[in-house]
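# Architecture at a glance
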Amino acid sequence: MAVAQLHADVHTNAVTAAGSGPQLAVTLCGVRFPNPTVLASGILGLSEQVFARLAQAGVGGITTKSCSLKPRAGWPNPTIVNWGEGLINAIGLSNPGVEVMVEEIRAAKKLLAPYGVPIVASIFANTIYDFGVLARYVSEAEPDLIEVNISCPNLDAQHEEMFSSNAYVSAQVTRVVKRNANCPVVMKLSPNVEDIAAIAISVANAGADAICAINSLGPGLVLDIETARPVLANGTGGVSGPAIRPIAVRCVRDICQALRNAGLKTQVIGTGGVTTARDAIEMILVGATCVGIGSAVYRGLGVFSEVTSGLVDYMTRHDYEGVEQFRGRALDRIK
Ligand SMILES: Cc1cc2nc3c(=O)[nH]c(=O)nc-3n(C[C@H](O)[C@H](O)[C@H](O)COP(=O)(O)O)c2cc1C
């Protein structure tokens, strides 16, 4: 089933954590999130209406769709398909360009301020130089954090490989963005690499304030067997949702373990297939500070309050007063 129409079908169901019970608030790079859930990048378009509904639905933080210097049309429809165990998408990073994005982030900041929900501006570029320009430009909107999507082709590289597949290049992007940003910087990593922990250590040493893992997995291919054609107009696409969760959890574990072994305090947003409170808890147990939620949002905005109320239940059962009391608890128990 194509999921584009589900954009219009989200419902709000706001639940906030009880004041005197377990405390859900977390601090990522000095920024307070009322709870650990974060809308992952690219999932919902930006409009005042959407922001208001997300805040009322109990989201802890919002990441914008990745924006580039110039507007991009993206790939033709269908661009997102639910294949049963998750989604496959080939959006082609469509976005209105940074100029429009700056205005949208400014408007969103005003709207989100009463809820205390921070906004993470996601950027992507095809050259290291453009990442710097973009970071400076988007900083004009004063986002709480900037997330850097480096799962895109580096036009300066010999085979136009993804920035995020090369530890040295990922570090260069990190340094350029850090020099030009006026807020903490989150580097978003791809799982489509041999050693994601090595990339994480490289960006952390280059000054990344946090790491977000993972971007979608793939590319994958799903066919319509009646027509013998791919379900996506683009053919292949990124795989997300429940099917990738065990890989995402393993990546977050690898990253958190490596950061800890290296004595680095870089924090992590664990993303990939999170649909329930149980899944969010698993991400926190392997060391995540915040938990990104993407594909599950297409089932309804109620996912944020479901996850936070499930977190409160879990923390109450285990007598945890704060999320930090169980963060990373599984790290020493995994071989
Ligand atoms: C439709 C769609 C669009 C996406 N667009 C972006 C994007 O613009 N930038 C980005 O960094 N990640 C993008 N992603 C990846 C998500 O942010 C997330 O990392 C990935 O989907 C895994 O999380 P999930 O399983 O909860 O969806 C997109 C994912 C989907 C499904």
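Structure report, in brief.

What counts and what doesn't
- Residue positions are given per chain, counting from 1 as you read along its sequence in written order.
- The model is predicted, so local features are restricted to residues of pLDDT at least 70 and side-chain atom pairs to those at 80 or more, both for listing and for counting; the totals for chains, interfaces and linings are taken over all residues.
- Each side-chain value is derived from all of the structure's non-hydrogen atoms; neither hydrogens nor water enter the calculation.
- In DSSP terms, a helix is any run of H or I states spanning at least four residues, a strand is any run of E spanning at least two, and both are numbered starting from the N terminus.
- Note that the radius of gyration is over C-alpha atoms, with the globule rule given as 2.2 Å times the number of residues to the power 0.38.
- Partly exposed residues are those whose accessible area sits between 20% and 50% of the maximum for their type, while under 20% is buried and over 50% is exposed, using a 1.4 Å probe and protein chains only.
- Throughout, a contact is declared for two residues whenever any of their heavy atoms are within 4.5 Å.
- The protein chains shown are the only cover counted for residues, whose accessible areas, like all others here, come from Shrake-Rupley with a 1.4 Å probe.
- Pairing between two strands is assigned when DSSP locates at least 2 bridges connecting them.
- Where helices are involved, their axes are fitted lines through C-alpha atoms of the stretch in contact, as for all axes, and angles between N-to-C directions lie from 0 to 180°.
- Any helix carries an expected span of 1.5 Å times its number of residues minus one.
- An angle below 35 degrees is treated as roughly parallel, one above 145 as roughly antiparallel, one from 65 to 115 as roughly perpendicular, and anything else as oblique.
- For this scheme, ten residues count as nonpolar: Ala, Val, Leu, Ile, Met, Phe, Trp, Tyr, Cys and Pro. Four count as charged, namely Asp, Glu, Lys and Arg, and the remainder, Gly too, count as polar.

### Quick notes on the overall build of the protein chain
Per the secondary structure count, the protein chain includes 8 helices and 16 strands. For 335 residues, the compact-globule estimate of 2.2 N^0.38 gives 20 Å, and the protein chain sits close to it at 19 Å. Each principal axis of the C-alpha atoms in the protein chain carries an extent, and together these give about 55 × 45 × 45 Å. Classification of the 335 residues of the protein chain by burial places 57% in the buried group. In the protein chain, of all internal contacts separated by at least 6 residues, the share reaching a separation of at least 24 is 72%. Total accessible area computed for the protein chain in this model is approximately 14300 Å², and 51% of it derives from carbon and sulfur atoms.

### A short note on unusual backbone geometry
Leaving glycine aside, a negative phi is the common case for residues, and trans is the common case for peptide bonds. Following Asn77, the chain continues into Pro78 via a peptide bond in cis, with omega recorded as -5°. Along the chain, Pro78 falls in the loop between strand E4 (61-63) and strand E5 (80-82). With a phi close to 50°, Cys29 is a non-glycine residue in the positive phi region. When you line up the elements, Cys29 lands in the loop between strand E1 (26-28) and strand E2 (31-33).

### Describing the sheet that holds strand E6 (residues 87-89)
Read from one edge to the other, the open sheet built from 4 strands follows the order E5-E6-E14-E11, with strand pairing classed as antiparallel. The sheet is open, and its two edges are formed by E5 and strand E11 (217-220), each paired on a single side. Mean inter-strand twist for the sheet, computed between neighbouring axes without regard to direction, equals 30°. Sheet topology places E6 next to strand E14 (residues 237-240); 3 bridges connect them, and they run antiparallel. When the bridges of E14 are listed, Ile88 appears paired with Val239.

### Details of helix H8 (residues 302-317)
A rise of 1.5 Å per residue sets the reference length of H8, with its 16 residues, at 22 Å; its end C-alpha atoms lie 23 Å apart and thus fit the reference within 8%. Buried within H8 are the following residues: Gly302, Val303, Phe304, Ser305, Val307, Thr308, Gly310, Leu311, Val312, Tyr314 and Met315. On its buried face, H8 is in contact with strand E3 (37-39), helix H1 (48-56), helix H7 (277-285) and strand E16 (290-293).

### A look at the packing of helix H6 (residues 245-261) against H7
Between H6 and H7, the least distance of the axes is 9 Å, while the angle of their chain directions is 25°. Taken as axis vectors, H6 and H7 run roughly parallel relative to one another. Residues Arg245, Ala248, Val249 and Val252 of H6 lie in contact with H7, whose contacting residues are Arg278, Asp279, Glu282 and Met283. Looking at the contact of H6 with H7 residue by residue, the classes come out as 4 nonpolar, no polar and 4 charged.

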